[in-house]
Amino acid sequence: MAAEHWLRWHHGTVNDPKWRVIALRASAVLSRNVTVGHVLSVWAAMLECASQSNPRGELSGWVHEDVAAALGYAEEEVAAIHDAMQGKTLDGDALSGWKRRQPKAEDATAGARKQAQRQRDRERSEKVTPSDNEAGHGMSRTVTTETETETEEKDRSSLRSDSSSAAPSDAPAVAAAAERIDQRVAQITAEAIAAWNGCALVRTNGGLLATVNPAVGREKRRQQVRRCLSIARDICQSQGLRHIPPQFWADYFAAAAADDFHAGRLGGGRGHENWLPDFEFMTQPKTMLKLFERAEGEAA
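Residues numbered from 1 in each chain as written. Predicted model: local features only at pLDDT ≥ 70, side-chain atom pairs only at ≥ 80, totals over all residues. Heavy atoms only, no water.

## Topic: the packing of helix H1 (residues 18–30) against helix H4 (residues 75–84)
Cut-off, in case you're wondering: In this description, a line fitted to the C-alpha atoms serves as the axis of each element, helices being fitted only across the stretch in contact, and the angle between N-to-C directions of two axes falls anywhere from 0 to 180 degrees. Helix and strand assignments come from DSSP, with helices taken as H or I runs of at least 4 residues and strands as E runs of at least 2, each series counted from the N terminus. Any angle that falls under 35 degrees is termed roughly parallel, while one over 145 is termed roughly antiparallel, one within 65 to 115 roughly perpendicular, and all others oblique. Left-handed describes a crossing in which the near helix is turned anticlockwise from the far one by less than a right angle; the clockwise case is right-handed. We call two residues contacting when some pair of their heavy atoms lies within 4.5 Å. Under the grouping applied here, Gly and all other residues not named as nonpolar or charged are polar, the nonpolar ones being Ala, Val, Leu, Ile, Met, Phe, Trp, Tyr, Cys and Pro and the charged ones Asp, Glu, Lys and Arg.
Contact geometry of H1 with H4 gives a least axis separation of 8 Å together with a crossing angle of 130 degrees. By the angle between their axes, H1 is oblique relative to H4. The two elements H1 and H4 meet at a crossing, and its hand is right-handed. Facing H1, whose interface residues are Ile22, Arg25, Ala26, Val29 and Leu30, H4 presents Glu76, Glu77, Ala80, Ile81 and Ala84. Grouping the amino acids of the contact of H1 with H4 by side-chain chemistry returns 7 nonpolar, no polar and 3 charged.

Here it is, written out as structure tokens:
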């Protein structure tokens, strides 16, 4: 964990137009309204996570489920906001503007200037009378305030130059980007359903579980797949893949078929002996993560 117990929050952050763009992206993915307030609170959680990471500036240990529980949001909302930040404030798991916004040393001359200021204060206190004391402190405060104002103005200028130039006129581009995301999610969902219907888990292939009709409940299936995309993407990236290929789903369901519980051969717990997994259960993030970790452990 990093030694610092604080981070810098720049003036103008709340009004930065890129949060609106990110909110629109996430809203398009979830098919419901995501507010700028939701985006800002997730960003604040990211800043704290990155500040405590080693190296600082990366989302080490970030878990959508934990952040959602802390903020009182749905997990898929946090995941959608996280994904919508890519290219804006995130570069993979790294906060793209961290080094510039959170420098280790804010000003290399700050120490020398502060020492000189203390010396001036000492000299002034020796010259003024008690009745002048209040005025003397006022002068000292003026020096400090001017320095802070100059620093903050630089920060605001940096923030403006780095922020997105998104405006209402960019709405068509945002809409087009959202449409591309929807098309990609639809494609991945179709690949997942095809792999499910073709795996050894389902009854048509000798298994115990029900198949999925790709023509019925399309939006519901897309929502089910969306919630595990972050985990699926992380798994693929750990294997050197930039995207989620169709083979990922075939391998995933094959791993489930090798496990008695996930294949439905054990049934549920007490009182749920006839329970069987289904496509919805298999696309839960915790299910995917558990199977991946089990496969990793067996491979090791």
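## Here we look at the nonpolar core
Keep this limit in mind: The criterion is simple. A nonpolar core is a set of buried Ala, Val, Leu, Ile, Met, Phe, Trp, Tyr and Cys residues joined through side-chain atoms within 4.5 Å. Each residue's exposure class comes from its accessible area (1.4 Å probe, protein chains only) as a fraction of the maximum for that residue type: buried when under 20%, exposed when over 50%, partly exposed otherwise.
Trp196, Leu201, Trp249, Phe253 and Met288 are the most contacted members of the largest nonpolar core, which has 31 residues in total. Secondary structure elements with two or more residues in this core: helix H8 (171–197), helix H10 (229–238), helix H11 (246–257), helix H12 (279–282) and helix H13 (285–299). Val29, Ala50, Trp62 and Leu95 belong to the second largest nonpolar core, which has 27 residues in total.

## A word on the environment of Met85
By the secondary structure assignment, Met85 is in the loop between H4 and strand E1 (90–91). Of the residues examined, Met85 reaches a relative accessible area of 0% and is grouped as buried. With near-sequence residues (within four places) excluded, Met85 lies in contact with Trp19, Ile22, Val39, Trp43, Met46 and Leu90.

## What about H11?
Helical geometry note: an α-helix holds 3.6 residues per turn, so side chains three or four residues apart project in the same direction. Short version of the rule: For a helix, the expected span equals 1.5 Å multiplied by the residue count minus one.
The end-to-end C-alpha distance of H11, which contains 12 residues, comes to 17 Å, matching closely the 16 Å that a straight helix rising 1.5 Å per residue would cover. Of the surrounding secondary structure, the elements contacted by the buried residues of H11 are H8, helix H9 (218–226), H10, H12 and H13.

## Here's the deal with unusual backbone geometry
Look at the link from Asn54 to Pro55: it is a cis peptide, with omega at 10 degrees. Along the chain, Pro55 turns up in the loop between helix H2 (36–52) and helix H3 (64–71). Residue Ser31 is not a glycine yet carries a positive backbone phi of 60 degrees. Mapping Ser31 onto the fold places it in the loop between H1 and H2.

## Some details on the packing of aromatic side chains
We apply this condition: Two aromatic rings from Phe, Tyr or Trp, using only the six-membered ring of Trp, form a pair when their centres are within 6.5 Å; if the ring planes differ by under 30 degrees the pair is stacked, by over 60 it is edge-to-face, and anything between is tilted. Criterion for a charge above a ring: Arg CZ or Lys NZ at most 6 Å from the ring centre, at most 35 degrees from the ring normal.
Enumeration over the complete set of coordinates arrives at 11 aromatic pairs. Both rings, one in Tyr252 and one in Phe253, keep their centres 5.3 Å apart while their planes meet at 40 degrees; by these two values the pair is tilted. For Phe253, a relative accessible area of 0% gives the class buried. Here the aromatic rings of Trp275 and Phe281 are separated by 5.1 Å at their centres, their planes lie at 80 degrees, and the arrangement is edge-to-face. Taken together, Trp196, Phe248, Trp249, Tyr252, Phe253 and Phe279 form an aromatic cluster joined through their ring pairs. Just above the ring of Trp19 sits the side chain of Lys18; from NZ or CZ to the centre is 5.2 Å.

Geometry only, nothing functional implied.
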